[in-house]
Amino acid sequence: MGEKKHALLSPSGAAKWINCPPSARLEEQLGEEESDAAREGTLAHDICELKLRKLFIEKGMSDATYKRRLNKLKKHELYQKEMDGHTDTYVDYVSSIAYSFPTTPYMAVEKEFSYDAYAKEGFGTSDCLLIAGTHMHVFDFKYGHTPVSADHNPQMMLYALGAVCTYGFIYPVQEVTMHIIQPRVTAPARCTIPVSELLEWADKVVKPMAALAWEGKGDFKQGFWCDKCYCSANGCCKHRAEENLQLEKEAQLPVGAFSYTELGDILVRGRFVAAWIKKVEAQVTRLLQQGKQVPGWKLVEGQSKRQISDFDKAIEALVAAGYQEDLFYINKPLPMGEIEGVIDKKDKPILEPFIIKPPGAPVLAEESDKRPVYVSVTPEEAFGEKKEEKNEP
Ligand code: SF4
């Protein structure tokens, strides 16, 4: 998980301060509110930690102590039964790697690592780390609903860097594999890099960008990190506004249809606009809720749905009036992720033969995206009929 104490130049904020160095100090001024999703993630991490400790670190922990600690976590208001299954998936994954070595690897769970040599006061807490011979494995459990790529992920690379700074003197580590386990959304992702590449990145990228970020200097830059890394300046960042509103000024073009090239360019340059406007809306809503005045805007009562105040009593009354009770209930299957969370670990093979992954629908992606181009075959093409080409307007 991320850091329990928070560093200015933290691993979880790395994509932000590496790409947009002044964001670190700006966020510091604004402060941050912990969301329910973040609290839920912390709880899931605490369960992961307890399960791994029992299995690898505190092997002498009695079943009664384990149960008591687990039950305490389960009393949390945000606990849900599926959390048990998802945290098991993480523990199984880590175990499968830990047990794959001929000798017991070194393991650290929820350990804080410093990379202060590259980023002032930089530190982070890695969920789990394994060292076996010259290979290090760094694990990160994510409980969100958005898939995260492990490929040269700067957050993971900073955990690895901190671990190399700490253990590099004791273990002859040559290679690092970074694993992201995100059981709610997709299969685990991993990326392996040589330690030499990690250290080169630390010298050439982390060090200069961290120095700028620490001083609050450098250039603001809008990118995926504004939203995916939850920049708290999002709704009030003047740079973002300037960049997005520039597009609006340029859109005052002569009448007529855009060329395909112009359309593609608009999409590239305007890809952050929709997400940014949502952040501005959220910021203005928050300010109004705090009783502040935002000229031109006010809060009104939103739409609400009718509800039955006491469902059991309502059904009782309808049944008394002669209706069949069955009419008022539906039997609906749970989504697959929830089924996996509910069933016992030992019963997962029962479900596996029924899991399929149909091809996804086509989605727009930029040319630089690493995924291959989507190929669709229409019924006409399948039967050898020629398609009529349409020209650009
Ligand atoms: S919203 Fe984006 S551009 Fe603005 S400070 Fe945050 S990361 Fe930088």
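Residues numbered from 1 in each chain as written. Predicted model: local features only at pLDDT ≥ 70, side-chain atom pairs only at ≥ 80, totals over all residues. Heavy atoms only, no water.

Enquirer: Please explain the overall build of the protein chain as it appears in this structure.
Expert: When helices and strands are counted, the protein chain shows 15 helices and 5 strands. Burial status across the protein chain gives 36% buried among its 393 residues. If you take every contact in the protein chain between residues at least 6 apart in sequence, the share linking residues at least 24 apart comes to 67%. Counting every atom, the protein chain has about 25600 Å² of accessible surface; 56% of that belongs to carbon and sulfur. Looking at charge distribution, the protein chain has the averaged site of its 49 positive side-chain charges lying 4 Å from that of its 58 negative ones. (Helix = DSSP H or I, 4+ residues; strand = E, 2+ residues; numbered from the N terminus. Buried < 20%, exposed > 50% of the residue type's maximum accessible area, 1.4 Å probe, protein only. Contact = heavy atoms within 4.5 Å. Areas by Shrake-Rupley, 256 points an atom, 1.4 Å probe, with all protein chains shown as cover. Lys, Arg positive; Asp, Glu negative; His and termini not counted. Charge placed at Lys NZ, Arg CZ, Asp CG, Glu CD.)

Enquirer: Sorry if this is basic, but what is going on with the site of the ligand here?
Expert: Surveying the vicinity of the ligand reveals the residues Cys 20, Ser 23, Phe 220, Lys 221, Gln 222, Trp 225, Cys 226, Cys 231, Asn 234, Cys 237 and Arg 240. Its atoms largely coinciding with the cavity grid, the ligand occupies the largest cavity. Grouping the amino acids of the shell around the ligand by side-chain chemistry returns 6 nonpolar, 3 polar and 2 charged. (Near = heavy atom within 4 Å. 1 Å grid on protein atoms, 1.4 Å probe; cavity = no way out; pocket = protein on both sides within 12 Å on 5 of 7 lines; lining within 4 Å. Sits in = over half its atoms within 2 Å of the grid points. Nonpolar A, V, L, I, M, F, W, Y, C, P; charged D, E, K, R; others polar.)

Enquirer: I tried to follow the packing of aromatic side chains on my own but got confused; where do I start?
Expert: Where two aromatic rings form a pair, the distance of their centres and the angle of their planes describe that pair. Applying the stated criterion across every chain, the model contains 11 aromatic pairs. Between the aromatic rings of Phe 113 and Tyr 167, the centroid separation amounts to 5.8 Å while the plane-to-plane angle is 70°, which identifies the pairing as edge-to-face. Of this pair, Phe 113 sits in strand β1 (residues 106–114) while Tyr 167 sits in helix α6 (residues 154–167), placing them 54 residues apart in sequence. On the basis of relative accessible area, Phe 113 is assigned to the buried category, the value being 2%. Tyr 167 gets classed as buried once you look at its relative accessible area, which sits at 6%. In this arrangement the basic side chain of Arg 25 is found over the ring face of Trp 214, its NZ or CZ atom lying 4.6 Å from the centre. A cation over an aromatic ring shows up here: Lys 54 above the ring of Tyr 66, its NZ or CZ 6.0 Å from the ring centre. (Phe/Tyr/Trp six-rings, centres within 6.5 Å; stacked < 30°, edge-to-face > 60°. Lys NZ or Arg CZ within 6 Å of the ring centre and 35° of its normal.)

Enquirer: How do you make sense of the sheet that holds strand β3 (residues 135–141) when you look at a structure like this?
Expert: Strand pairing in a sheet is mediated by backbone hydrogen bonds. Such pairs are either parallel or antiparallel. The 5 strands are arranged β1-β2-β3-β4-β5 in an open sheet whose pairing can be described as mixed. Whereas interior strands pair on both sides, the edge strands pair on one side only; in this sheet they are β1 and β5 (189–194). On average, each strand axis in the sheet is tilted by 25° relative to the strand beside it, whichever way the strands run. Judged from the 5 bridges that link them, strand β2 (residues 123–132) and β3 form a sheet pairing that is antiparallel. Opposite Leu 130, over in β3, you have His 137 as the bridge partner. Each of β4 (175–181) and β5 is contacted by helix α7 (residues 195–215), which is oriented at about 85° to β5, the strand it contacts most. (Pairing = 2+ DSSP bridges. Axes fitted to C-alpha atoms, helices over the stretch in contact; angles between N-to-C directions.)

Enquirer: Sorry, what's going on with the side chain of Ser 23 here?
Expert: Among the secondary structure elements, Ser 23 is positioned in helix α2 (residues 23–30). Residue Ser 23 is classed as buried on the basis of its relative accessible area, which comes to 4%. A distance of 2.7 Å separates a polar atom in the side chain of Ser 23 from the backbone oxygen of Cys 20. (Polar contact = N/O pair within 3.5 Å; in protein donor to acceptor, adjacent residues only side chain to side chain.)

Enquirer: Help me understand the nonpolar core, please; the structure alone is not making it clear to me.
Expert: Across soluble globular proteins, nonpolar side chains show a tendency to be buried alongside one another. Membership of the largest hydrophobic core comes to 39 residues, with the highest contact counts inside it found for Trp 17, Leu 129, Met 136, Val 176 and Leu 198. For this core, the secondary-structure elements that each account for two or more residues are α1 (14–19), β1, β2, β3, α6, β4, β5 and α7. Sort the elements by how many residues they give to this core and α6 lands first, with 9 residues. Beyond its immediate stretch of four places on either side in the chain, Met 136 contacts Leu 129, Leu 130, Ile 131, Ala 160, Ala 163, Val 164, Val 173, Glu 175, Val 176 and Thr 177. By size, the runner-up hydrophobic cluster in this structure holds 28 residues, among which are Leu 50, Ala 98, Cys 128 and Leu 130. (Core = buried A, V, L, I, M, F, W, Y, C linked by side-chain atoms within 4.5 Å.)

Shape is all these values report; function is a separate question.
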